[in-house]
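The residues making up each chain are set out below.
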Amino acid sequence: MTRVGIVGASGLAGGELIKLVLQHPELELTYLGGDSSVGRRPVHLHPGLRLDLGLTVEPVVADTIAERCDAVFLATPAPVSARLAEELADRVECVVDLSGAFRIRTPGLHERWYPKVDRRSGLAERFVYGVPELVGEQLVGAPLISVPGCYATAITLGLAPLVLGLGLNLRTVVVDGKSGSSGGGLQLRVPDLHPFRNGAIAPYAPTGHRHAAEVGDFLERGRPGSVGSLTMSAYGVSHVRGLLASAYVFTDDEVDGSALQRTYLRFYRGHPFVRVRRHTETLIPVPDPQATLGSNYCDVTALHDPDGGRIVVLAALDNLVKGAAGQAVQALNLRYSLPEETGLSMQPMVPA
């Protein structure tokens, strides 16, 4: 059994991690950390966890974590993760960070999107950007893993077959992202109060989003294709869970519209958590977040729009599972050479 700790246990992602670790046959939960909830039990923080785990939230002390944990999940704000990762690197077998502290490797780009996150020189280069479907071999034995953002996961999985599979040079990619309120965490903000959020479509990042920069930074290192301009507009909708990333792709390369579906099916063959949607197979014909809720699946499809001279790529997932905690566990499975679906077999809740 691998002893696992969770720092940031009171947050939404922390709560998901607790549930996933408890149902995992190869993981043992040995530590919960969080400075704002010291002394509280999981049931006090997460109403759905009606179990006595024998654990309470403890102060975050690196020595304690190193003594009691083989691996630790950091479900903490980026500045906190940057500090803790430095303290824990080389003291536990694996640090899995769910924040944005180490997602963007390029220093200048990181400073632009995370100006308050100082990280030790050289530490970011040691992190594996943990998209299991794309970097699985790099995760085996990795001591430091950075879990992609929720939007970034959907966008990257949506675009990868075009860039890494077909080798297309994507001149311009414009992403329209819509996410439920859980994407903002548990911070109390007036625009997120029910009278303002319910029924709304709120453009909270209309001219750019750091997850788009993260995707560009990752795909820029990929071959044989490339991405030129990648921009994003993000909207908050009245759902609690789930997001949809719609990417409008413009390329000067020749596109065989009839082959797109086959390309995606071939690219994700053998990857259980990416479901390529056939447009006539279910009652919901294209990716929709509601068909992924509560699961570690990402549903994707690509359609050719010859009249618009574009490819439309749709990707949907549960932002708290495949977009955060589920993907973190999936990456940890690969780190310890376990089947990646271990402990993650839950099916979507439809309707939710």
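Refer to the preceding data block for the structure.
Since we're looking at a predicted model, the values are computed, not measured. (Residues numbered from 1 in each chain as written. Predicted model: local features only at pLDDT ≥ 70, side-chain atom pairs only at ≥ 80, totals over all residues. Heavy atoms only, no water.)

Comments concerning the overall build of the protein
If you tally the helices and strands in the protein, you get 11 helices and 13 strands. Since a compact globule built from 352 residues should have a radius of gyration of about 20 Å, the 20 Å found for the protein is in line with a globular shape. Once the C-alpha set of the protein is aligned to its principal axes, its extents read approximately 60 × 45 × 35 Å. Counting across all 352 residues of the protein, residues that qualify as buried make up 54%. A fraction of 73% describes how many contacts in the protein between residues 6 or more apart in sequence connect residues 24 or more apart. Carbon and sulfur atoms make up 52% of the accessible area of the protein, which totals about 15100 Å². (Helix = DSSP H or I, 4+ residues; strand = E, 2+ residues; numbered from the N terminus. Rg over C-alpha atoms; globule rule 2.2 N^0.38 Å. Buried < 20%, exposed > 50% of the residue type's maximum accessible area, 1.4 Å probe, protein only. Contact = heavy atoms within 4.5 Å. Areas by Shrake-Rupley, 256 points an atom, 1.4 Å probe, with all protein chains shown as cover.)

Quick look at unusual backbone geometry
The step from Val350 to Pro351 runs through a cis peptide bond, and the omega angle for that step is -5 degrees. Mapped onto the fold, Pro351 is located in the segment after α11 (321-335). Despite not being glycine, Asp90 shows a phi value in the positive range, around 75 degrees. When you line up the elements, Asp90 lands in the loop between α4 (78-88) and β4 (94-97). Notably, Ser337 is not glycine yet its phi reads approximately 60 degrees, a positive angle. Inspection of the secondary structure assignment puts Ser337 in the segment after α11. Its relative accessible area of 57% is what places Ser337 among the exposed residues.

A closer look at the packing of aromatic side chains
Under the counting rule described, the total for this entry stands at 4 aromatic pairs. With 4.1 Å between their ring centres and 10 degrees between their planes, Phe102 and Phe127 make a pair best called stacked. Within this pair, whereas Phe102 is found in the loop between β4 and α5 (107-113), its partner Phe127 is found in the loop between α5 and β5 (128-129), the two being separated by 25 residues in sequence. Residue classification places Phe102 among the buried positions, given a relative accessible area of 3%. Taking the relative accessible area as the measure of exposure, Phe127 reaches 2% and is therefore buried. Where Phe267 meets Tyr268, the ring centres are 4.9 Å apart and the plane angle is 80 degrees; that geometry is what we call edge-to-face. (Phe/Tyr/Trp six-rings, centres within 6.5 Å; stacked < 30°, edge-to-face > 60°.)

Examining the pattern of salt bridges
The tally for this structure, following the rule as stated, stands at 16 salt bridges. When the shortest N-O distance is used, the salt bridge between Asp299 and Arg275 registers 2.7 Å. Within this pair, whereas Asp299 is found in strand β12 (residues 298-305), its partner Arg275 is found in strand β11 (residues 274-276), the two being separated by 24 residues in sequence. Judged by its relative accessible area of 0%, Asp299 falls in the buried class. Put simply, Glu16, Lys19, Arg241 and Asp318 are held in one network by salt bridges that share partners. (Salt bridge = Lys/Arg side-chain N within 4 Å of Asp/Glu carboxyl O.)

Some remarks on the sheet that holds β11
One open sheet accounts for 7 strands, arranged β8-β9-β7-β10-β13-β12-β11; its pairing is mixed. Each of the sheet's edge strands pairs with one partner strand only, and the pair in question is β8 (201-205) and β11. Across the sheet, the axes of successive neighbouring strands diverge by a mean angle of 25 degrees, strand direction being ignored. Pairing between strand β7 (residues 169-179) and strand β10 (residues 243-251): 9 bridges, direction antiparallel. Along β10, the bridge assignment pairs Val174 with Tyr248. Sitting on the sheet, helix α10 (residues 260-267) is in contact with β11, β12 and β13 (310-317), with an inclination near 155 degrees to β12. (Pairing = 2+ DSSP bridges. Axes fitted to C-alpha atoms, helices over the stretch in contact; angles between N-to-C directions.)

With respect to helix α7 (residues 150-165)
Taking 1.5 Å of rise per residue, 16 residues should cover 22 Å, and α7 covers 22 Å from first to last C-alpha, within 8% of that figure. The buried fraction of α7 is high, at 14 of 16 residues. (Expected span 1.5 Å × (residues − 1).)

Some thoughts on the pairing of strand β9 (residues 226-237)
As defined by bridge partners, β7 adjoins β9 across 10 bridges and the pair is classed as parallel. The residue of β9 that forms the bridge with Val174 is Thr231. Relative to β9, β8 is paired through 4 bridges, and the arrangement is antiparallel. Each bridged residue has a counterpart across the sheet, and for Ala202 the counterpart in β9 is Gly236.

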